[in-house]
Amino acid sequence: MIAEFLKEWSYLAVFVLAALPWVESAFVVVLGIAMLDLNPVATTIMAFLGNWITVLLVVFLFDRWNAWRSKRSGASESKRSQRAYRLFVRYGLPGLAFLGPILIGTEIAAGFAMLFKAPRGPVLFWMTCSLAFWTILFAAAAYGVDLFGLTRMNQ
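Source: prediction; values computed, not measured. (Residues numbered from 1 in each chain as written. Predicted model: local features only at pLDDT ≥ 70, side-chain atom pairs only at ≥ 80, totals over all residues. Heavy atoms only, no water.)

1. Concerning helix α4 (residues 79-103)
Item 1. Along α4, the sharpest change in direction is near 50 degrees and occurs at Gly 92; proline Pro 94 comes one to four residues later.
Item 2. Burial in α4 covers these residues: Phe 88, Val 89, Leu 93, Pro 94, Leu 96, Ala 97, Gly 100 and Pro 101. (Bend = angle between axes of the 7 residues up to and from the residue. Helix = DSSP H or I, 4+ residues; strand = E, 2+ residues; numbered from the N terminus. Buried < 20%, exposed > 50% of the residue type's maximum accessible area, 1.4 Å probe, protein only.)

Given below as structure tokens:
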């Protein structure tokens, strides 16, 4: 009975751990599935949501800060910098979103995208796609390894 109670609270722990900066949902989903023997689908969803909510918070806070900063400065940009900005949004943003979670962390990648003044919508779209991709990939890998019983501690 106590083990079942603790197992139910484990999903909340997965959510909270994934929401912490520097802790990625890919790591948490492996921990939950392979080490704690939690349900793979529920663990994947909770890890994704925990990390995604933190990304939403970062994006919206940076968006407000960028709006405040642009109102305050009021400086116009050259055509060259506008072209560089459009190229970053079109080609660099997807790369930053997909490589960021593995190289520098999801929240930092989202922060960098917003520092480069990328629009909020595309940042949220690409970061959501990236988070879903990495979380599902690591969940499938952890579940595949777990099927063979290589990670179970209580055998």
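2. What about the packing of aromatic side chains?
Item 1. Enumeration over the complete set of coordinates arrives at nine aromatic pairs.
Item 2. Seen in terms of ring centroids, Phe 88 and Phe 116 are 5.3 Å apart; in terms of plane orientation they differ by 85 degrees. Their pairing is edge-to-face. Within this pair, whereas Phe 88 is found in helix α4, its partner Phe 116 is found in the loop between α5 (106-115) and α6 (120-147), the two being separated by 28 residues in sequence.
Item 3. Ring geometry for Trp 134 versus Phe 138: centroids 6.2 Å apart, planes at 50 degrees, classification tilted. Of this pair, Trp 134 and Phe 138 both sit in helix α6, separated by four residues, roughly a single helical turn. (Phe/Tyr/Trp six-rings, centres within 6.5 Å; stacked < 30°, edge-to-face > 60°.)

3. What to know about the UniProt feature "transmembrane region" (unreviewed entry) in the protein
Item 1. Sites flagged by UniProt as "transmembrane region" (unreviewed entry) map to residues 12-35, 41-62, 88-112 and 124-145.
Item 2. As a span, residues 12-35 carries 79% helix and 0% strand, and end to end its C-alpha atoms are 16 Å apart.
Item 3. Overall, residues 41-62 shows 100% helix and 0% strand. The separation of its end C-alpha atoms is 32 Å. (UniProt positions renumbered as here; feature names shortened; annotations may be inferred.)

4. Regarding the environment of Glu 107
Item 1. Examined against the element boundaries, Glu 107 turns out to sit in helix α5.
Item 2. Take Glu 107: its relative accessible area is 10%, and that puts it in the buried class.
Item 3. When the C-alpha atoms of Glu 107 and Asn 51 are compared, they prove to be 8.4 Å apart, with 56 residues separating the residues in sequence.
Item 4. For Glu 107, the residues in contact, after removing those within four places along its chain, are Ala 18, Ala 19, Leu 20, Pro 21, Trp 22, Glu 24, Asn 51, Thr 54 and Val 58.
Item 5. At 2.9 Å, the side chain of Glu 107 forms a polar contact with the side chain of Asn 51. (Contact = heavy atoms within 4.5 Å. Polar contact = N/O pair within 3.5 Å; in protein donor to acceptor, adjacent residues only side chain to side chain.)

5. Considering the side chain of Thr 54
Item 1. Assignment of secondary structure puts Thr 54 in helix α3 (residues 40-73).
Item 2. Judged by its relative accessible area of 11%, Thr 54 falls in the buried class.
Item 3. A polar contact of 2.7 Å, which involves the side chain of Thr 54, links it to the backbone oxygen of Ala 19.
Item 4. If we ignore the near neighbours within four places in the chain, the residues touching Thr 54 are Ala 19 and Glu 107.

6. Brief notes about unusual backbone geometry
Item 1. The residue Asp 37 is not glycine, and still its phi comes out positive at about 60 degrees.
Item 2. Although it is not a glycine, Lys 117 adopts a positive phi angle of roughly 60 degrees.
Item 3. Considering the arrangement of structural elements, one finds Lys 117 in the loop between α5 and α6.
Item 4. Using a relative accessible area of 38% as the deciding quantity, one classes Lys 117 as partly exposed.

7. Things to note about the pattern of salt bridges
Item 1. Counted under the stated rule, the structure contains one salt bridge.
Item 2. With a closest N to O distance of 3.0 Å, Arg 120 and Asp 63 form a salt bridge. Residue Arg 120 is found in helix α6, and its partner Asp 63 is found in helix α3; the two are separated by 57 residues along the sequence.
Item 3. With relative accessibility at 23%, the residue Asp 63 sits in the partly exposed group. (Salt bridge = Lys/Arg side-chain N within 4 Å of Asp/Glu carboxyl O.)

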